[in-house]
Amino acid sequence: MKVRTAPGRPYRMVARAESAAATGERILDAAVQVFWELPGEQVSLDEVARRAGVSVQTVIRRFGGRDGVFAAAAQRETETVRRQRDKAPVGDPHGAVHVLVDHYEAMGDRVLRLLAEEERVPGLRQVADQGRALHREWCAQVFAPALEGLGGVERRRRLAQVVAVSDVYVWKLLRRDAGLSRRQTEIALVELLESL
């Protein structure tokens, strides 16, 4: 006796899972768009859902609410930044600064806005802290040769210097406030970093 299975059931399950994953990505894409376009306190689940083409209930069911969707979006964006920055060659200040300035040219103004709002908007402090931790880890990895042989407070001080010099605020001072070209900004950052 043969037992018949419902034809296409595994296919439907796979298709359903793929559809759910695509919906999740649309929601995260919408959350990122809304976040970068509106002041933090004006970001709403209604707008995220509208842009994603889903109901607010779908967003809540998938991510548990406003904080959940923005935490998931921030995590995804952090991983994107990590992959982009991982292209920086270790021990090569010129190459590292080029990758860093690529990131700041694309995202620097947005990051500065996030930092300006982190005290006022719930949840942004955590996102900003993730970004600061990522930047510190990146500096420790990429500029590891400059930290070799240093220990204790001397190593912490040198790493803090590298983190500070390569921070988005320094890019802003050079690029936006002083009006340097991208090339001149890279040269200035390399000069500052090489002095360390």
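These remarks concern the structure in this document. (Residues numbered from 1 in each chain as written. Predicted model: local features only at pLDDT ≥ 70, side-chain atom pairs only at ≥ 80, totals over all residues. Heavy atoms only, no water.)

Along the chain, the position of L134 falls in helix 6 (residues 124–142). Distance in space between the C-alpha atoms of L134 and V81 is 8.7 Å, their sequence separation being 53 residues. (Helix = DSSP H or I, 4+ residues; strand = E, 2+ residues; numbered from the N terminus.)

Where helix 5 (residues 93–117) contacts helix 6, the axes come no closer than 11 Å and their chain directions differ by 160°. Between helix 5 and helix 6, the angle falls in the class roughly antiparallel. The two elements helix 5 and helix 6 meet at a crossing, and its hand is left-handed. Here A96, L100, Y104, L114, L115 and E117 of helix 5 lie close against helix 6, whose contacting residues are L124, V127, A128, R132, H135, W138 and V142. (Axes fitted to C-alpha atoms, helices over the stretch in contact; angles between N-to-C directions. Parallel < 35°, antiparallel > 145°, perpendicular 65-115°, else oblique. Left-handed = near helix turned anticlockwise from the far one by under 90°. Contact = heavy atoms within 4.5 Å.)

Let us look at the nonpolar core. With 50 residues, the main nonpolar core has I27, V69, W138 and F143 as its most contacted residues. With 10 residues, helix 5 is the single largest residue contributor to this core. Apart from the residues within four sequence positions on either side, F143 is in contact with P93, A96, W138, V162 and L193. (Core = buried A, V, L, I, M, F, W, Y, C linked by side-chain atoms within 4.5 Å. Buried < 20%, exposed > 50% of the residue type's maximum accessible area, 1.4 Å probe, protein only.)

These results come straight from atomic positions and should not be treated as a statement about function.
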